[in-house]
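Results of the structural survey
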Amino acid sequence: ADDIECYLANRPVAAHPPSAIYRLRKFIARHRGGVIVAIMVLLVCTIALGFALAQAHVAYRAAQRADAMREFMFKAFAEAEPSGPRDGAPRITDVVIQAVANAKADARMNPQVRTELVGQLGAILRAQGQVAPAREIHAWNYAQSQRDLGERDALTIETDLELADYMVFAGSFT
């Protein structure tokens, strides 16, 4: 009689071997709604944790990128400081050309950071009227970006568009 009552109430019966899986099935059958809610909460928490970890990774990469750019710019301007007497202040184009040379020579620099920095430095040269050196810098930057990041990378495509813009600006329509 006890086993019949237990069976009807979805509780383990004494006549069945007491395995953990059997008792778990009976528990789930008795508390179906609570188990479903618990699984849903666990699933939502797992998904939220995945999103949080992905955002943490994006933030970490952005912080690394910002640190690399900051260090590079500090180094570029530190090199522009006079170590001795000069005729005058360094020209912005000289500082930019030196910074581009440093970026090209730094093998440890993140390729994405290098591509962005060299692109911005080339834009500064163009704004200063140095169209030919700016075009050469952007051509190098595009070739380097293709090699380091791949032809389908968004930054490579953006660099290609910048190079095309420079070519049109310089009057080279081919």
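Details of the structure are given in the entry above.
Thresholds, definitions, all that
- Residues numbered from 1 in each chain as written.
- Predicted model: local features only at pLDDT ≥ 70, side-chain atom pairs only at ≥ 80, totals over all residues.
- Heavy atoms only, no water.
- Helix = DSSP H or I, 4+ residues; strand = E, 2+ residues; numbered from the N terminus.
- Rg over C-alpha atoms; globule rule 2.2 N^0.38 Å.
- Buried < 20%, exposed > 50% of the residue type's maximum accessible area, 1.4 Å probe, protein only.
- Areas by Shrake-Rupley, 256 points an atom, 1.4 Å probe, with all protein chains shown as cover.
- Expected span 1.5 Å × (residues − 1).
- Core = buried A, V, L, I, M, F, W, Y, C linked by side-chain atoms within 4.5 Å.
- Axes fitted to C-alpha atoms, helices over the stretch in contact; angles between N-to-C directions.
- Parallel < 35°, antiparallel > 145°, perpendicular 65-115°, else oblique.
- Left-handed = near helix turned anticlockwise from the far one by under 90°.
- Contact = heavy atoms within 4.5 Å.
- Nonpolar A, V, L, I, M, F, W, Y, C, P; charged D, E, K, R; others polar.

So, about the overall build of the chain. Counting its regular elements, the chain contains seven helices and zero strands. Secondary structure elements in the chain, listed N-terminal to C-terminal, are α-α-α-α-α-α-α. Here the chain has a C-alpha radius of gyration of 32 Å; the compact-globule value for 174 residues is 16 Å, and the former is much larger. Burial analysis of the chain (174 residues in total) assigns 22% to the buried set. Surface exposure of the chain reaches about 12,200 Å², of which carbon and sulfur atoms provide 62%.

Moving on: helix 6 (residues 131-149). Taking 1.5 Å of rise per residue, 19 residues should cover 27 Å, and helix 6 covers 26 Å from first to last C-alpha, within 8% of that figure. Buried within helix 6 are the following residues: Ala134, Ile137, His138, Asn141, Tyr142, Gln144 and Ser145. Two residues or fewer after helix 6 comes Gly150, characterised by a positive phi angle close to 100°.

Let's shift gears to the nonpolar core. Among the nonpolar cores identified, the biggest contains 16 residues, and Phe72, Met109, Leu117 and Leu121 are the most heavily contacted of them. At the level of secondary structure, the elements contributing two or more residues to this core comprise helix 3 (32-80), helix 4 (92-105), helix 5 (111-127) and helix 6. It is helix 5 that contributes the most residues to this core, five residues altogether.

A word on the packing of helix 4 against helix 5. Between helix 4 and helix 5, whose axes approach to 10 Å, the crossing angle comes to 160°. The angle between helix 4 and helix 5 falls in the class roughly antiparallel. Seen from above, helix 4 lies across helix 5 with left-handed handedness. Contacts between helix 4 and helix 5 involve Ile92, Thr93, Val96, Ile97, Ala99, Val100 and Ala103 from the first element and Arg114, Val118, Leu121, Ile124 and Leu125 from the second. Looking at the contact of helix 4 with helix 5 residue by residue, the classes come out as ten nonpolar, one polar and one charged.

The next subject is the packing of helix 6 against helix 7 (residues 154-169). It is the contact of helix 6 with helix 7, at a shortest axis distance of 9 Å, that shows an interaxial angle of 155°. Here helix 6 is positioned roughly antiparallel relative to helix 7, judged by the angle of their axes. Note that helix 6 runs across helix 7; the crossing there is left-handed. Together, Val131, Ala134, Arg135, His138, Ala139, Asn141, Tyr142, Ser145, Gln146 and Leu149 of helix 6 and Leu155, Thr156, Thr159, Asp160, Glu162, Leu163, Tyr166, Met167 and Phe169 of helix 7 make up the contact between the two elements.

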